[in-house]
2 protein chains.
Amino acid sequence: MPSHPESTPAETAAQLRISTYRLVRRLRLQRTDDVSVGQYSVLVSLRAHGALSLGDLAEREHVTAPSMNRTVNCLVDAGLVQRTPDPDDGRRIRVALSEAGERLVDDTDRRRDAWLEARLAELAPDEQRAIARAAALIRGIADR
Amino acid sequence: MPSHPESTPAETAAQLRISTYRLVRRLRLQRTDDVSVGQYSVLVSLRAHGALSLGDLAEREHVTAPSMNRTVNCLVDAGLVQRTPDPDDGRRIRVALSEAGERLVDDTDRRRDAWLEARLAELAPDEQRAIARAAALIRGIADR
DNA sequence: TATTGTTATACTCTATAACTATA
DNA sequence: TATAGTTATAGAGTATAACAATA
C-alpha cells in the first residue's frame, strides 16, 4: 500500500460522515414514486422482519399507532401488504408483505445496486476490496 | 493483507448500500429537534454554497418556491437565517445563514462526528485506514 | 383493568393557482 | 412580456385524545 499521510480518527469520522450522506442522496435518486418515503420504509421493515403487528411496526418506524394505521391502510389499498387478524390474540393484527410489495422493494434494491455496481466496476481491484472491507466494518459500527 | 474470499462488484454494491443506510439511520439519532428535516437541509445547503436566492434554494432542495418561502420564513423567525434584498436585482432576495444557524449545523456535525469517532477509535489501526481510504473513494463515486 | 387497534380532530409540510413587483 | 417572489387554498402525513374490542 502506498504511504498515505495518516488521518486522525476525527478526520476519518468527518470524511466518512460526508461521503455517506452524499452516497445516500445519490442512491435516493433511484427510487419509486409509487409510495411515500414512510410507506416504503414500512415495506423494507416487513421484508427484513417478516409479518408484524401494528404496534410493532409503529415502534420500529418511530411513529404513533394512529399514524401507522393510516399508512397500513394506504399500503393495503395499493395491494402492497396484507392485513389479517392474529390467530392467537384477537386484539392484534398481522401485517405482511404481498407479492407485489416484495417485488417493489426488491426491484428498488436492484436498481440501486445496478447503479452502484457500475460505479464500483470502474475502480481498481484493490480499491474495490478496500470498499468491501470498509462496508463490513461500517455495518459492524452501525449495528452495535 | 490476509487473503479474503473475493467479493463480486454486485456483492460489494449490496453490502455498501446496506451498511450505508444503517449508518445514516444511526447518525440521524444524533440530531437537533430545533428544526424540521427540510429546514435543516436548507441550513446545510447555505453553509455549503453561501447565500442563495429563494428560487435557487427551492431548486436545490427539490421543493416549490411557495414551499421554500414558508420554510425560509420559519428559519427567519427562528433567527437561523437572514433575508435581505438582492442589491443587483430588486425581484430577488438573498438568504444567508446567521451566526446561530451556522452554529446549529456545526454543532450537529460535531455531535455526529464525536459518536462516529468513538466507534472508529475502537477499531484496529489498519481497519481505520481501510475506512479512511474507502470514504475518499465513496465520495468520488457519489460526487460524479 | 390493561392492552391493541381504530376513529375524530388538529397541526405541519408541501403543492397548485393566482397575484404583485421588478426586469 | 417574462421572471422572482408572495399569498390563498388544498392535499398528504403525523400527532393527541377519545373510543371499541379483546385479554
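Residues numbered from 1 in each chain as written. Chains lettered and ligands numbered in written order. Predicted model: local features only at pLDDT ≥ 70, side-chain atom pairs only at ≥ 80, totals over all residues. Heavy atoms only, no water.

Enquirer: How should I be thinking about the protein's contact with DNA strand C in this particular structure?
Expert: Taken together, 21 residues surround DNA strand C, and among them A:Gly55, A:Asn69, A:Arg83, B:Thr64 and B:Arg70 come closest. Within 4 Å of the protein, the contacting atoms of DNA strand C are drawn from sugar and phosphate to the extent of 78%. At a separation of 3.1 Å, a phosphate oxygen of DNA strand C approaches a polar backbone atom of A:Ile93. Contacts to DNA strand C include B:Arg70, whose side-chain N or O atom sits 3.5 Å from a phosphate oxygen. (Near = heavy atom within 4 Å. Polar contact = N/O pair within 3.5 Å; in protein donor to acceptor, adjacent residues only side chain to side chain.)

Enquirer: Can you help me understand the interface of chain B and chain A in this one?
Expert: The figure often quoted for interface size is the accessible area lost as the parts come together. Every contact between the two is made by 53 residues of chain B and, on the other side, 53 residues of chain A. Taking both sides of the interface into account, the surface hidden between chain B and chain A amounts to around 5,500 Å²; carbon and sulfur atoms contribute 64%. Counting every contact that joins chain B to chain A gives 8 salt bridges. For B:Arg22, the salt bridge identified is with A:Asp143, shortest N-O distance 2.8 Å. (Contact = heavy atoms within 4.5 Å. Buried area = accessible area lost by both parts, 1.4 Å probe. Salt bridge = Lys/Arg side-chain N within 4 Å of Asp/Glu carboxyl O.)

Enquirer: Please clarify how a positive patch on the surface should be interpreted in this entry.
Expert: There is a patch of like positive charges on the surface, built from A:Arg25, A:Arg28, B:Arg25 and B:Arg28. Secondary-structure elements contributing two or more residues to the positive patch are helix H1 (9-28) of chain A together with helix H1 (9-28) of chain B. (Patch = residues over 30% accessible without salt bridge, like charges linked within 9 Å, V, L, I, M, F, W, Y side chains within 5 Å. Areas by Shrake-Rupley, 256 points an atom, 1.4 Å probe, with all protein chains shown as cover. Lys, Arg positive; Asp, Glu negative; His and termini not counted. Charge placed at Lys NZ, Arg CZ, Asp CG, Glu CD. Helix = DSSP H or I, 4+ residues; strand = E, 2+ residues; numbered from the N terminus.)

Enquirer: Please explain H1(A) as it appears in this structure.
Expert: Think of an α-helix as 3.6 residues a turn; residues three or four steps apart then line up on the same face. Given a rise of 1.5 Å per residue, 20 residues ought to cover 28 Å, and the 28 Å separating the end C-alpha atoms of H1(A) matches this to within 8%. Where H1(A) is concerned, the buried positions are A:Thr12, A:Ala13, A:Leu16, A:Arg17, A:Ser19, A:Thr20, A:Leu23, A:Val24 and A:Leu27. Those residues of H1(A) that are buried are in contact with helix H5 (99-121) and helix H6 (125-143) of chain A together with H1, helix H5 (99-121) and helix H6 (125-143) of chain B. (Expected span 1.5 Å × (residues − 1). Buried < 20%, exposed > 50% of the residue type's maximum accessible area, 1.4 Å probe, protein only.)

Enquirer: Help me out: how do you make sense of the pattern of salt bridges in this one?
Expert: Pairing is possible between side chains of opposite charge, provided their charged atoms come close. With the rule as written, the count across this model stands at 22 salt bridges over all chains. One salt bridge connects B:Asp113 with A:Arg17, and the closest N-O pair in it is separated by 2.6 Å. Of the two residues, B:Asp113 is situated in helix H5 and A:Arg17 in helix H1; the pairing between them involves two chains. Take B:Asp113 and A:Arg17: they sit in the same class, and that class is buried. Several salt bridges converge on common partners, so that one network encompasses A:Arg17, B:Arg47, B:Asp106, B:Asp109 and B:Asp113.

Enquirer: Is there a simple way to explain the nonpolar core in this structure?
Expert: In a soluble, globular protein the nonpolar side chains are often hidden away together inside. Counting 30 residues, the largest nonpolar core has A:Leu23, A:Ile131, B:Leu23 and B:Ile131 as the members making the most contacts within it. Within the residue set of this core, elements represented by two or more residues are H1, H5 and H6 of chain A together with H1, H5 and H6 of chain B. (Core = buried A, V, L, I, M, F, W, Y, C linked by side-chain atoms within 4.5 Å.)

Enquirer: Help me understand the protein's contact with DNA strand D in this model?
Expert: Around DNA strand D sit 21 residues, and of these A:Thr64, A:Arg70, B:Gly55, B:Asn69 and B:Arg83 come closest. Backbone atoms, meaning sugar and phosphate, make up 75% of the atoms of DNA strand D lying within 4 Å of the protein. One of the side-chain nitrogen or oxygen atoms of A:Ser36 is found 3.3 Å away from a phosphate oxygen of DNA strand D. Between DNA strand D and the protein, one listed contact pairs a sugar or linking oxygen with a side-chain N or O atom of A:Arg91 at 3.4 Å. Elements with a minimum of two residues in the surface near DNA strand D: helix H4 (65-77) of chain A together with helix H3 (54-61) and helix H4 (65-77) of chain B. Here the surface near DNA strand D gets 4 residues from one element, more than from any other, and that element is H4(A). Split by residue class, the surface near DNA strand D holds 6 nonpolar, 9 polar and 6 charged. (Nonpolar A, V, L, I, M, F, W, Y, C, P; charged D, E, K, R; others polar.)

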